[in-house]
Amino acid sequence: MEINCGTDIIEIERIKEAIEDLGKSFLERIYTEKEIEYCENKKNVKYQHYAARFAAKEAVFKAISKLLKDKYSVTWKDVEVINEENGRPIINILNEKLNNIKNIEISISHCKKYAIANVIVIY
């Protein structure tokens, strides 16, 4: 058993600008349909939620980097951040090449300017 962690922080404004500049092409390259639906339902704070999911995916990539042949082994949409009914975020790994992950835990936070995510992976 091995335990690895990954952390990422991002400026919410960077994600907002990317979405405003690139629109649907950016959203569809980075986020799953479920993630887009979730964030769009957040109305005034949707960019905070998009940024938090972006940070979460980066944190996952850092935590699983030892498992990867190279950084192109996974894509943005191989990792999905959804929420349980109680609001707790969870990670769905959608790439079967990563089926040797035994457990993955995530913590996400955001404020007006930044979003941050911390991930622990056990494999």
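The structure under discussion appears in the preceding block.
Residues numbered from 1 in each chain as written. Predicted model: local features only at pLDDT ≥ 70, side-chain atom pairs only at ≥ 80, totals over all residues. Heavy atoms only, no water.

Some thoughts on helix α1 (residues 12-22)
Heads up, the condition is: We call a residue buried when its accessible area falls under 20% of the maximum for its residue type, exposed when it is over 50%, and partly exposed in between, using a 1.4 Å probe and counting protein chains only. Secondary structure is summarised from DSSP: a helix means a run of H or I of at least four residues, a strand means a run of E of at least two, and numbering begins at the N terminus for each. The arc in question is traced by the directions running from the helix axis to the C-beta atoms. Contacts between residues were defined by any pair of non-hydrogen atoms, one from each residue, lying within 4.5 Å.
Residues of α1 that are buried: I12, I15, A18 and I19. Along α1, the residues classed as buried sweep out an arc of 130° about the axis, all on the same side. Those residues of α1 that are exposed and angled more than 90 degrees off the buried face are R14 and D21. Turning to α1, the residues buried within the fold contact β1 (3-11), α2 (24-30), α4 (46-63), β4 (103-110) and β5 (114-122). The first or second residue beyond α1 is G23, which carries a positive phi of 60°.

Quick look at the packing of α1 against α4
Heads up, the rule is: Throughout, an axis means a line fitted to C-alpha atoms (over the contacting stretch in the case of helices), and angles, computed between N-to-C directions, take values from 0 to 180 degrees. We call two directions roughly parallel when the angle between them is under 35 degrees, roughly antiparallel when it is over 145, roughly perpendicular when it lies between 65 and 115, and oblique otherwise. Any residue that is not Ala, Val, Leu, Ile, Met, Phe, Trp, Tyr, Cys, Pro, Asp, Glu, Lys or Arg is counted as polar, Gly included; the first ten are nonpolar and the last four charged.
Packing of α1 against α4 leaves a shortest axis separation of 9 Å and a crossing angle of 105°. Relative to α4, the element α1 lies roughly perpendicular. Across the interface between the two elements, I12, I15, K16, I19 and E20 of α1 pack against Y47, Q48, Y50, A51 and F54 of α4. When the residues that make up the contact of α1 with α4 are grouped by side-chain class, the tally is seven nonpolar, one polar and two charged.

Some remarks on the environment of N95
Short version of the rule: Polar contact is the term for a pair of N or O atoms within 3.5 Å; when the atoms are in protein, one must be able to donate a hydrogen and the other to accept it, and sequence-neighboring residues count only if both atoms are side-chain atoms.
Here N95 shows up in the loop between β3 (89-93) and β4. As for N95 and K34, which are separated by 61 residues in sequence, their C-alpha atoms are 16 Å apart. Excluding residues within four positions of it along the chain, N95 makes contact with S73, V74 and D78. A polar contact is formed between the side chain of N95 and the backbone oxygen of S73, at a distance of 3.4 Å. Within the structure, the side chain of N95 is placed 3.0 Å from the side chain of D78, a separation counted as a polar contact.

Some words on the environment of Y114
When you line up the elements, Y114 lands in strand β5. We classify Y114 as partly exposed; its relative accessible area is 41%.

Focus on the nonpolar core
The condition that has to hold: Only buried residues count toward a nonpolar core. Its members are Ala, Val, Leu, Ile, Met, Phe, Trp, Tyr and Cys residues joined through side-chain atoms within 4.5 Å.
Of all hydrophobic cores here, the largest spans 38 residues; its most connected members are I15, Y31, Y50, I64, V119 and V121. Taken together, the elements giving at least two residues each to this core come down to α1, α2, α3 (33-40), α4, β2 (79-83), β4 and β5. Ranked by residues supplied to this core, first place goes to α4 with eleven residues. Contacts of V119, omitting those with residues within four sequence positions, involve N4, C5, G6, A56, A59, V60, A63, I104, E105 and I106.

Remarks on the packing of aromatic side chains
The condition that has to hold: Each Phe, Tyr or Trp ring, with Trp reduced to its six-membered ring, pairs with another whose centre is within 6.5 Å; inter-plane angles below 30 degrees give stacked pairs, above 60 give edge-to-face pairs, and intermediate values give tilted ones.
Under the criterion given, the structure shown has four aromatic pairs. Chaining the aromatic ring pairs together yields one cluster made of F26, Y31 and Y50.

Regarding the packing of α3 against α4
Relative orientation of the contacting elements α3 and α4 amounts to 145°, with a least axis distance of 8 Å. Across from E35, I36, Y38, C39 and E40 in α3, the residues of α4 making contact are K46, H49, Y50, R53 and K57. Class assignment of the residues belonging to the contact of α3 with α4 gives a composition of four nonpolar, one polar and five charged.

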